[in-house]
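# Structural overview
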Amino acid sequence: MTSTMPASPETGSLPLAAPPAAEVSSLARAGRDDRDDRAADATAADREPRRRGLGFTLAGVATTLMLAGASAPSPFYPELEARLGIGALGVTIAFAIYAVVLLAALLTAGSISDHVGRRPVIAIGFVVLTGAVLLLWHAESGGMLYLARAVQGAASGVLVSTLSASIQDFAPTRNRHRATLVNALAPGIGLAGGTVASGILLENVADAASWTFGPIAVIYLALAAAIWLVPETSRREPGWQRSLAPRAAVPAAARRIFVVSVPVVLAGWATGGLFFSLGPTIVRTELGVDGILGDALVVALLPASGAVAGFALRNRRPIVPAVYGAAALAVGTALMIVALTTASLPIYLVAVIVAGTGFGTAFMGTIGSLVPLAAPHERAELFASLYIAAYLSFGIPAVVAGLLTGMLGLHTTVLAYAVVVALAAGVAAVLRARAGTGRSAADAVGAVAA
């Protein structure tokens, strides 16, 4: 029976019926559900920053490990050169194939994650990269080595742009410069770490290839799975087929700085190409360094010192690292000529450190100088033009050096190479200094984020 309440004597209103028990229960459940929903929303809101923080860390670590895998074969090159019978030219061809295929992948599929999502591209990229590592591990001929480096370059070209974008996507809102710092330091740390780690294994482990490439393959598969733990930062957009058409252009406002920056890029990336392809052979045959680990440590000095210099100059106006980088490359390669002429290992180590600081800062300053001069819709094509110059400088001079080594000998070839780089870097330093100043690195980062 439904109970009733008496009418109010003041208002004369009709009595109000009390709600049925079932309705009371329903209202109570609704209230609990609402509270549960609010609690779930709060939990999800609390979890989201943690997942984004994980994404930022994971993208940075993945970039570092990807580049560590790219440099890990370097200490193996003298052994591969002898075992596969490919000579110095074959080693530089393997190196150049990686650079050229990476460039082609970057120009065609570099922006595909903007259309299909970051996570699928990163996951597939690391799976393909695992296949390349397995090919490297079991390479029994020059052709197999070249195939492995081509597959590695293709996967790396797609991953380098996608991971860089992911680092920017996940960067803390109040601390956006951390993304630039990670993108600047990860290459140097990865390249140095991969070289040193494989050198240590070659020096101390009987089956060094298994202990080097096996763990790398496992790590890459783990990264392919781990990326699904973080949120997606790029919505699916139509037009991925059109994005595969390579486009490169330099905006009118950036052309003057671009022209004077090309020699800087040439000097820096050509130096890196020489060190990562023929560096171990130079150290062993020209300077008498006995031991694979010693070879690897000397080669690793280049990217390691570059990472330190990049960190030190991260907040300076772009013209500072650009001019310093070019000047350091000129001085470093000039010292290298002295070191090789006198067969002095101490002078050579100083030369590598000085040139390494230029290697790490010249490209950073070039990017910081050019980005503010391009509108947002012009930046992709500008970066494409810049990377064409960079990766061609990375691969082609190394192949020329390998070819000349067979004709002129390693000593004469390296001396001639160093003279060209020193002259190009010296001219670039003067031209870039006269070209004018640029905005601060932080401003350039804000432009990229926009």
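Scroll up for the structure.
Residues numbered from 1 in each chain as written. Predicted model: local features only at pLDDT ≥ 70, side-chain atom pairs only at ≥ 80, totals over all residues. Heavy atoms only, no water.

What follows deals with the overall build of the protein. Along the backbone of the protein there are 16 helices and zero strands. Counting only contacts in the protein whose residues sit at least 6 apart along the sequence, the fraction spanning at least 24 positions is 84%. Total accessible area on the protein stands at roughly 19,900 Å², and carbon and sulfur atoms take up 68% of it. (Helix = DSSP H or I, 4+ residues; strand = E, 2+ residues; numbered from the N terminus. Contact = heavy atoms within 4.5 Å. Areas by Shrake-Rupley, 256 points an atom, 1.4 Å probe, with all protein chains shown as cover.)

Here the focus is the packing of aromatic side chains. Taken as a whole and judged by the stated rule, the model has seven aromatic pairs. For the pair Trp-269 and Tyr-391, a centre-to-centre distance of 4.9 Å together with 65 degrees between the ring planes defines the contact as edge-to-face. Residue Trp-269 is located in helix H10 (residues 255-287), and its partner Tyr-391 is located in helix H14 (residues 379-408); the two are separated by 122 residues in the primary sequence. When its relative accessible area of 13% is taken as the criterion, Trp-269 is described as buried. The ring centre of Tyr-98 lies 4.5 Å from the NZ or CZ of Arg-149, which sits over that ring. For Arg-314, the ring lying beneath its charged end belongs to Phe-311, and the centroid distance is 4.0 Å. (Phe/Tyr/Trp six-rings, centres within 6.5 Å; stacked < 30°, edge-to-face > 60°. Buried < 20%, exposed > 50% of the residue type's maximum accessible area, 1.4 Å probe, protein only. Lys NZ or Arg CZ within 6 Å of the ring centre and 35° of its normal.)

Turning to the packing of helix H12 (residues 319-342) against helix H13 (residues 345-370), a few remarks are in order. Contact pair H12 / H13: the axes reach a minimum separation of 6 Å and the direction vectors enclose 155 degrees. Of the possible angle classes, the one that applies to H12 and H13 is roughly antiparallel. Seen along the crossing, H12 lies across H13 with a hand that is left-handed. By residue class, the composition of the contact of H12 with H13 is 22 nonpolar, nine polar and no charged. (Axes fitted to C-alpha atoms, helices over the stretch in contact; angles between N-to-C directions. Parallel < 35°, antiparallel > 145°, perpendicular 65-115°, else oblique. Left-handed = near helix turned anticlockwise from the far one by under 90°. Nonpolar A, V, L, I, M, F, W, Y, C, P; charged D, E, K, R; others polar.)

Glancing now at the side chain of Arg-118. Position of Arg-118 relative to the elements: it lies in helix H5 (residues 118-137). Looking at Arg-118, its side chain comes within polar contact range of the side chain of Asp-169, at 2.8 Å. Leaving out residues up to four positions away in the same chain, Arg-118 has contacts with Ser-113, Thr-162, Ala-165, Ser-166, Asp-169, Glu-232, Thr-233 and Ser-234. (Polar contact = N/O pair within 3.5 Å; in protein donor to acceptor, adjacent residues only side chain to side chain.)

Time to look at the pattern of salt bridges. This model, assessed by the stated rule, comprises four salt bridges. With a closest N to O distance of 2.8 Å, Arg-118 and Asp-169 form a salt bridge. In this pair, Arg-118 sits in helix H5 while Asp-169 sits in helix H6 (residues 142-170), placing the two residues 51 residues apart along the sequence. When sorted by exposure, Arg-118 lands in the same class as Asp-169, which is buried. Each of Glu-79, Arg-83 and Glu-140 takes part in salt bridges that share partners, so that together they form one network. (Salt bridge = Lys/Arg side-chain N within 4 Å of Asp/Glu carboxyl O.)

Topologically, Ser-156 is positioned in helix H6. In this structure the side chain of Ser-156 is engaged in a polar contact, spanning 2.8 Å, whose partner is the backbone oxygen of Gln-152. In this structure Ser-156 touches Met-66, Tyr-98, Leu-102 and Leu-129, once residues within four positions along its chain are discounted.

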